[in-house]
Amino acid sequence: MARIKHAKKRTKRLNPMSGAMIAIVLVMFMLLIVLAINGISLNGKISNNNARIDDLQEQISGEEQRTEDIEELQEYMKSDEYYEQTAKNKLGFVKDGEIIFKEK
């Protein structure tokens, strides 16, 4: 009995899973690129917003100082000194015993 060996043609077949794996890897790579681009643009927006926050903080500080100045002026305007000064400047009133010098 002689054995006859049949030569099988070996054809290289791709594993059906390898095509799917390649597609998955490509999709993941594309997602990674998109996320990286979005991350870069978000970092730019964050830096712009931080600069804007700094500007607004400076404005807030200026407005707080202005508020303090207005409150001080309100307190001064409630004082007798303010009334006397206004009466002198606008109405020409003088205190008893004061001498007014006028230029010619």
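Reading guide: rules and limits
- Residues numbered from 1 in each chain as written.
- Predicted model: local features only at pLDDT ≥ 70, side-chain atom pairs only at ≥ 80, totals over all residues.
- Heavy atoms only, no water.
- Helix = DSSP H or I, 4+ residues; strand = E, 2+ residues; numbered from the N terminus.
- Expected span 1.5 Å × (residues − 1).
- Buried < 20%, exposed > 50% of the residue type's maximum accessible area, 1.4 Å probe, protein only.
- Patch = residues over 30% accessible without salt bridge, like charges linked within 9 Å, V, L, I, M, F, W, Y side chains within 5 Å.
- Areas by Shrake-Rupley, 256 points an atom, 1.4 Å probe, with all protein chains shown as cover.
- Salt bridge = Lys/Arg side-chain N within 4 Å of Asp/Glu carboxyl O.
- Phe/Tyr/Trp six-rings, centres within 6.5 Å; stacked < 30°, edge-to-face > 60°.

Draft legend 1. How the structure looks around helix α2 (residues 80-91). Between its terminal C-alpha atoms α2 stretches 16 Å, which fits the 16 Å expected from twelve residues at 1.5 Å a residue. A small share of α2 lies buried, amounting to one of its twelve residues. Looking one or two places after α2, you find G92, whose phi comes out positive at around 80°.

Draft legend 2. Up close: a nonpolar patch on the surface. A surface patch of nonpolar side chains, about 440 Å² in accessible area, is lined by M17, M21, I24 and M28. Note that I24 resides in helix α1 (residues 16-77). Assessed through its relative accessible area of 45%, I24 is described here as partly exposed.

Draft legend 3. Spatial organisation of the packing of aromatic side chains. By the definition in use, this model includes two aromatic pairs. Consider the rings of Y76 and Y82, whose centres lie 5.5 Å apart with planes at 75°: the pair is edge-to-face. For Y76, a relative accessible area of 31% corresponds to the partly exposed category. The class for Y82 is partly exposed, based on a relative accessible area of 24%.

Draft legend 4. How the structure looks around the pattern of salt bridges. Under the defined criterion, the tally for this structure stands at three salt bridges. R66 is the partner of E63 in a salt bridge, and the nearest nitrogen-oxygen pair spans 3.4 Å. With a gap of three residues between them, E63 and R66 both fall in helix α1, about one helical turn apart. Look at E63 and you get partly exposed, because its relative accessible area is 44%. A salt bridge links E98 to K88; the nearest nitrogen and oxygen atoms lie 3.1 Å apart. Of this pair, E98 sits in the segment after α2 while K88 sits in helix α2, and the two are ten residues apart along the sequence.

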